[in-house]
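Each chain, written out:
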Amino acid sequence: DRLLIERLHEVIKNPRRCTPFRVNQQLPHHVATNHWCLYLNYLFYLKGVDGKPIGTSRNKQKFLYRSMMWLTLPVLSCIILLIVTINISSYMKDDVNPTVHRRDLGSMGSKLVAYRNPTTKVTKLVAEPMTKQELYESDGHFQISRQYKVVYTHIPKCGGSTIEKSSLFEDKKLVTGKCPGGHSPIWKAMLHKNQRQLDDFVTATTIRHPISRFVSAFYYCKHGPPNSSRKHPYYRSTQYFMSDVDTVEQFVAKLDQNPHMWKELTTGEFRIPHFLSMTKFIIYPDDRSFGSDVVMCQDQWTEGLVRLEQQIGRALPRDLFENQLNSYHHTHHPSEEDWKSLNESTQNSILREYAVDSCLFYYGPQYQEELTQLVGADPSSSPSFCIGRFLTRDQFTSRLRQCMAIYTLP
């Protein structure tokens, strides 16, 4: 130790004239192998290291490497710690002027917004209310009127086209430039209803007798829309079922001979929504609950709209009452207006395949006695009878679960 101290004093006083020495020979072993001792040898440019002259390029490189390692590692550690601290603090604080990058972080529109700080390049997610434009965009093609707070479920062949083309959805058209359309179940339209501010909206739908609806769907899918030169969008799919039949009786007889075709038709395997069960459009599959607050009947059009007005607490657009589409588009074949003229076998087959619909809405002769007890009078004697007048949404849910326990929903 005394020899090392004397040597250091000599180096400090005159580092250029320091006589070379070998560390491992002139110093004790524990000193020669000590880190700080070796570091001082390098730092003051001593002429001998580990028995080798320092003048070689190899020793110079070793000196520089070790010096940089000892000096830069602590400095780098401090810099990294400082950067991490700054980033964490900027992430926790709200940006004053953030650059906003909005993304869809959930289906059907989410309130989560991604903010990116242009200075720190840190992105964070913040929950904030959706703007008016975002709310309308989140509604997609669904029949949702935010002006009247109505969510309408368009069941095919139940008069929904009249409602779609009315001014009920004029606000949607003005904001997004798009018209509502399509046949989607209620649970899809109500996804993320809290974020999309649909909690207090009234849900409504229109139903129709299963046989009348089936007849209408048959002629619509076979012949296509009126006054149209293009083929029906379901033309190729319907040819599989309807290419060799001309009447409803023939069509039903063909389906009865091929039971698998009934299943293919009613489950939507061929993407023909017009033959799907009405229940599929107004049920929440998770808990089998009924999804419509107001159930209107296609054959009691005005009565249903009046009840919808009472539910939302304001008047509906007048064109809903005046412009019901009873044209060729919906009732273009005589037998459709008088579906009761179909033979009994055909009617029973249709009611069998749509058993849940018939049970839920009391369609069919087997439910007439039960329906009479429910309404307190013979429903056939009332020209404006609609089951939606007598059952609430909760009662429909209870009825639906009973029917599904008896029949299997396709």
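Quick caveat, the model's predicted, so the values are computed rather than measured.

K.L.:
Help me get a handle on unusual backbone geometry, residues and values and all.
P.N.:
It is generally the case that most residues other than glycine have a negative phi and that most peptide bonds are trans. Phi is positive for Lys149, close to 55°, though the residue is something other than glycine. Tracing the backbone shows Lys149 in the loop between β6 (143-145) and β7 (150-153). For Lys149, a relative accessible area of 37% gives the class partly exposed. In this model, Gln197 sits at a positive phi of 60°, which is unusual for a non-glycine residue. Tracing the chain through its elements places Gln197 in the loop between α9 (186-189) and β8 (202-207). Take Gln197: its relative accessible area is 37%, and that puts it in the partly exposed class.

K.L.:
Give a description of the state of the cysteines that names residues and reports values.
P.N.:
Considering all chains together, one arrives at two disulfides under this definition. Residue pairing for Cys297: its cysteine sulfur links by disulfide to Cys386, the two sulfurs lying 2.0 Å apart. Residues Cys297 and Cys386 are joined by a disulfide whose S-S torsion is about 80°; by sign, that bridge is right-handed. Here the residue Cys297 occupies a position in strand β11 (residues 294-297), and Cys386 occupies one in the loop between α20 (368-375) and α21 (393-406), the gap between them amounting to 89 residues. Note that Cys359 is cross-linked by a disulfide to Cys403, the S-S spacing being 2.1 Å. Disulfide Cys359-Cys403: torsion about the S-S bond near -75°, hence left-handed. One end of the pair, Cys359, is in helix α19 (residues 355-360); the other, Cys403, is in helix α21, with 44 residues separating them in the sequence. The burial state of Cys359 is the same as that of Cys403; both residues are buried. Numbered in order of appearance, the disulfide-bonded cysteines of the protein are paired 1-3, 2-4.

K.L.:
Let's hear about the side chain of Thr176: which residues, and what values?
P.N.:
For Thr176, the position within the fold is in helix α8 (residues 170-176). Exposure remark for Thr176: the relative accessible area of 16% places this residue in the buried category. Separated by 2.7 Å, the side chain of Thr176 and the backbone oxygen of Lys172 make a polar contact. In terms of polar contacts, Thr176 uses its side chain to reach the backbone amide nitrogen of Lys178, at 3.3 Å. When residues no more than four places from it in sequence are discounted, the contact partners of Thr176 are Tyr136 and Glu137.

The rules behind the values
- Residues numbered from 1 in each chain as written.
- Predicted model: local features only at pLDDT ≥ 70, side-chain atom pairs only at ≥ 80, totals over all residues.
- Heavy atoms only, no water.
- Helix = DSSP H or I, 4+ residues; strand = E, 2+ residues; numbered from the N terminus.
- Buried < 20%, exposed > 50% of the residue type's maximum accessible area, 1.4 Å probe, protein only.
- Disulfide = S-S within 2.5 Å.
- Polar contact = N/O pair within 3.5 Å; in protein donor to acceptor, adjacent residues only side chain to side chain.
- Contact = heavy atoms within 4.5 Å.

These figures capture arrangement, not role.
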